[in-house]
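# Residue-level structure breakdown
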Amino acid sequence: MSSDVNIPSVTGRSLLRQWESASVNTVWLRPGDWYTPAAEALVEALEARLDTAPSAYRLGQARAAAGVGITEAIDDMAVLFRAAGYESAPIRSIRALCEGWTEGDATAHVATQMHDPESGLGTTEYMIQRLAEVYGAAERTGLKVIDTHALVMVDVSVDDNDPWQRMARNAAVGQALTGAYGAGHPMARMGDGLYAVLVERGAGLGIGIAELRDHIGAKAVAMRVANLVRQPPRVWIESLPGTHRYAQELLESLQR
């Protein structure tokens, strides 16, 4: 038999079956769509005592492509590590799973330093860059950014230190904001549970805030993370200052 064919060991097959059975009986919603070659690859890496992060990343991509929620994907991988005798999954592998999930779910990609892997949104650095473009355009046209644009701030944070919950929360809100504003709209995760959206001012801005609050709450329920999100989410309009320099200072002050 060719050595290029990846066949799990007997122990690996046993662990794969044990993982599937335990997951389906506890955390998995649709038994028929559990199996993926990425799950088998993760078991093989674990059995061989290799770094499981690359396989976890591919599993995250596969789960997102199948429409599996981030919470379900995280809970499922936790079942594997418990079945293998570990107290919990390594944080590095959890993060890789989330990165793969957001990458697989995203419709647009940005540079690594501008991309937050947990939420699929931009980073603070990304928002600073987008604001620089807005202030530059305003200067060329003689307009004032304070009159044309604002930040919509979203705070869903709750008191917890669990990295799994944090990742699930960020992924859910990232999806909610992308669904509300569309892929490519200037949005960023500013801190744990805190997000900023750059918007144009208009008559419907206040009404949009109320709709956004309801949309985030509904998305949290749909993704089974409502207990990880402030209820109701805190959403407010943050006015922008007169210069980009002060806007950058504002963003820094908003970060946790």
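Conventions and cut-offs
Residues numbered from 1 in each chain as written. Predicted model: local features only at pLDDT ≥ 70, side-chain atom pairs only at ≥ 80, totals over all residues. Heavy atoms only, no water. Buried < 20%, exposed > 50% of the residue type's maximum accessible area, 1.4 Å probe, protein only. Helix = DSSP H or I, 4+ residues; strand = E, 2+ residues; numbered from the N terminus. Arc of directions from axis to C-beta. Contact = heavy atoms within 4.5 Å. Axes fitted to C-alpha atoms, helices over the stretch in contact; angles between N-to-C directions. Parallel < 35°, antiparallel > 145°, perpendicular 65-115°, else oblique. Nonpolar A, V, L, I, M, F, W, Y, C, P; charged D, E, K, R; others polar. Salt bridge = Lys/Arg side-chain N within 4 Å of Asp/Glu carboxyl O. Pairing = 2+ DSSP bridges.

What follows covers helix α10 (residues 244-254). Those residues of α10 that fall on the buried side of the exposure criterion are Ala247, Leu250, Leu251 and Leu254. Seen from one end, α10 has its buried residues packed into an arc of 95 degrees, which puts them on one side. Along α10, the residues that are exposed and aim more than 90 degrees away from the buried face are Arg245 and Ser253. Residues of α10 that are buried sit in contact with α6 (124-141), β1 (149-155), β2 (187-191), β3 (194-200) and β4 (234-239).

Two numbers describe how helix α4 (residues 70-83) lies on helix α8 (residues 163-181): the axes approach to 9 Å, and their chain directions differ by 155 degrees. Judged by the inter-axis angle, α4 sits roughly antiparallel to α8. Contacts between α4 and α8 involve Ile70, Thr71, Ile74 and Ala78 on the former and, on the latter, Trp164, Met167, Ala168 and Ala171. Along the lines of polarity and charge, the residues of the contact of α4 with α8 split into 7 nonpolar, 1 polar and no charged.

For the rest of this paragraph, the subject is the pattern of salt bridges. Within the structure shown, the criterion is met by 10 salt bridges. Arg92 is the salt-bridge partner of Asp51, the closest N and O atoms lying 2.6 Å from each other. On the criterion of sequence distance, the pair formed by Asp51 in the loop between α2 (37-47) and α3 (53-65) and Arg92 in helix α5 (residues 91-105) is long-range, its members being 41 residues apart. A residue is classified by how much of its surface remains accessible, and Asp51, at 40% relative accessible area, is partly exposed. Across the pair Glu133 and Arg130 runs a salt bridge whose closest N-O atoms are separated by 3.2 Å. Of this pair, Glu133 and Arg130 both sit in helix α6, 3 residues apart, which is roughly one turn of the helix. Given a relative accessible area of 41%, Glu133 falls into the partly exposed group. Here the residues in one salt-bridge network are Arg95, Glu99, Asp116, Glu118 and Arg189, joined through shared partners.

Take the pairing of β1 next. A large share of β1 lies buried, amounting to 7 of its 7 residues. Where burial is concerned, the two faces of β1 agree: the one with His149, Leu151, Met153 and Asp155 and the one with Ala150, Val152 and Val154 are both buried. Relative to β3, β1 runs antiparallel, the two being bridged by 7 bridges. Across the sheet, Leu151 pairs through a bridge with Leu198, a residue of β3. Strand direction decides the pairing type here: β1 and β4, joined by 6 bridges, are antiparallel. Across the sheet, the residue bridging to Asp155 is Arg234, located in β4.

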